[in-house]
Amino acid sequence: MEERAARQQLFTTLYQKVFPAVAKYVNKCGRSFDEAKDVFQDALVSYYEKSHTADVTINSSEGAYIYGTARYLWIKRYKQGSQTTQLDDSSAASIIAETDAAPSEDKLLHFLETAGKRCMELLRSFYYDNLPMTRVAQLFGFSGVRSATVQKYKCIEKVRETVKQKALTYEDFLE
Amino acid sequence: MNEIAQIERHLLNRQMPGDALLFEAKTLLDADLRVNVSSQQQVYSLVQQYGRKQLKQEIEAVHQQLFTQPEHLSFRQKIARIFLNR
């Protein structure tokens, strides 16, 4: 997949360009490589999600955005002494929109990763990577936008049925 | 499929105001529709989680490459020097 290769190239470049500055900052505060890695990777995710959302514009250079986000996350997570503050910290969540799963959703996600990989990949391309439908059609080998759209809805239906079934199972389990 | 498209427009705020009101009214009267709306909402949330999880794996793969492969030696040394320097 070309998109995957392009992302790999992008992240490699950003690592080379921005990670040293984040590492310097974290080290200056007397802290470890792992902490630098941790916040830097989350900042990359935030940058990717922001830059792939049509209605959000990042008003600074990519380097400044990633460095600023990493620094912010690091201060939130580590500087206030609490090692346990993770992404669910309410302020950090304003930068990285919180979508961490509830335990039951975790199981569901795991199930979908194995049983419904192709549908999840298709839905990811459209809703997470925000690729245009023409590109999604190309990538997944559909004859055109129309059949790709039909497949997209079929996938939503399939995942939705799984969600419903699992909800029933959990209710049974709780009783 | 029509229903799925309609729920999608509703959840992603792509309805005309009049249609939105009508849809709200329909959900009040139709329990099955309500279940479908909430399950479909969960589908978008799962896709978001799935996307983020995959992306994190891709980033970690890049990290592993940078910190193991011979052609990135000078980058590694640069980072190592930063953490030696306290």
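Analysis parameters
Residues numbered from 1 in each chain as written. Chains lettered and ligands numbered in written order. Predicted model: local features only at pLDDT ≥ 70, side-chain atom pairs only at ≥ 80, totals over all residues. Helix = DSSP H or I, 4+ residues; strand = E, 2+ residues; numbered from the N terminus. Buried ≥ 20, exposed ≤ 12 C-beta atoms within 10 Å, placed from the backbone. Contact = placed C-beta atoms within 7 Å. Nonpolar A, V, L, I, M, F, W, Y, C, P; charged D, E, K, R; others polar. Axes fitted to C-alpha atoms, helices over the stretch in contact; angles between N-to-C directions. Parallel < 35°, antiparallel > 145°, perpendicular 65-115°, else oblique. Left-handed = near helix turned anticlockwise from the far one by under 90°.

Asks: Help me understand the overall build of chain A in this model?
Replies: The helix and strand tally for chain A stands at eight helices and zero strands. Tracing chain A from N to C terminus, the helices and strands come up as α-α-α-α-α-α-α-α. Here chain A, with 175 residues, has 28% of them falling under the buried criterion. Of the contacts made within chain A by residues no fewer than 6 positions apart, 50% connect residues no fewer than 24 positions apart.

Asks: I'm lost on the overall build of chain B in this one. Help?
Replies: A tally of regular secondary structure across chain B gives four helices and zero strands. Listing each helix as α and each strand as β along chain B from the N terminus yields α-α-α-α. Taking the principal axes of its C-alpha atoms as reference, chain B extends roughly 65 × 20 × 20 Å. A total of 86 residues make up chain B; the buried ones form 16% of that total.

Asks: Before we go on, may I ask you to explain the interface of chain A and chain B in this structure?
Replies: How big an interface is tends to be expressed through the accessible area that disappears when the partners come together. With 37 residues of chain A in contact, the opposing surface of chain B contributes 32 residues. Within the residue set of the side of chain A that touches chain B, elements represented by two or more residues are α1 (2–28), α2 (33–51), α5 (103–115), α6 (117–128) and α8 (145–174) of chain A. Here the element with the most residues in the side of chain A that touches chain B is α1 of chain A; it accounts for 10 residues. Each residue belonging to the side of chain A that touches chain B can be placed in one class, and the counts come to 20 nonpolar, seven polar and 10 charged.

Asks: Mind showing me how you'd approach α6 of chain A here?
Replies: Burial in α6 of chain A covers these residues: Cys119, Met120, Leu122, Leu123, Arg124, Ser125, Phe126 and Tyr128 of chain A. Looking one or two residues past α6 of chain A, Asn130 of chain A carries a phi angle of roughly 55°, positive in sign.

Asks: Would you take a moment to explain the packing of helix α1 (residues 2–11) of chain B against helix α3 (residues 31–66) of chain B for this structure?
Replies: For any two helices packed against each other, one specifies the crossing angle of their axes together with the interaxial distance. Residues and elements named next belong to chain B. One can describe the packing of α1 onto α3 by two numbers: an axis separation of 10 Å at closest approach and a directional angle of 70°. Classified by the interaxial angle, the pair formed by α1 and α3 is roughly perpendicular. Where α1 crosses over α3, the two elements pack in a sense that is right-handed. Across the interface between the two elements, Glu3, Ile4, Ile7 and Leu11 from α1 touch Asn36, Val37, Gln40, Gln41 and Tyr44 from α3. Counted by class, the contact of α1 with α3 contains five nonpolar, three polar and one charged residues.

In short, shape yes, function no, at least from these values alone.
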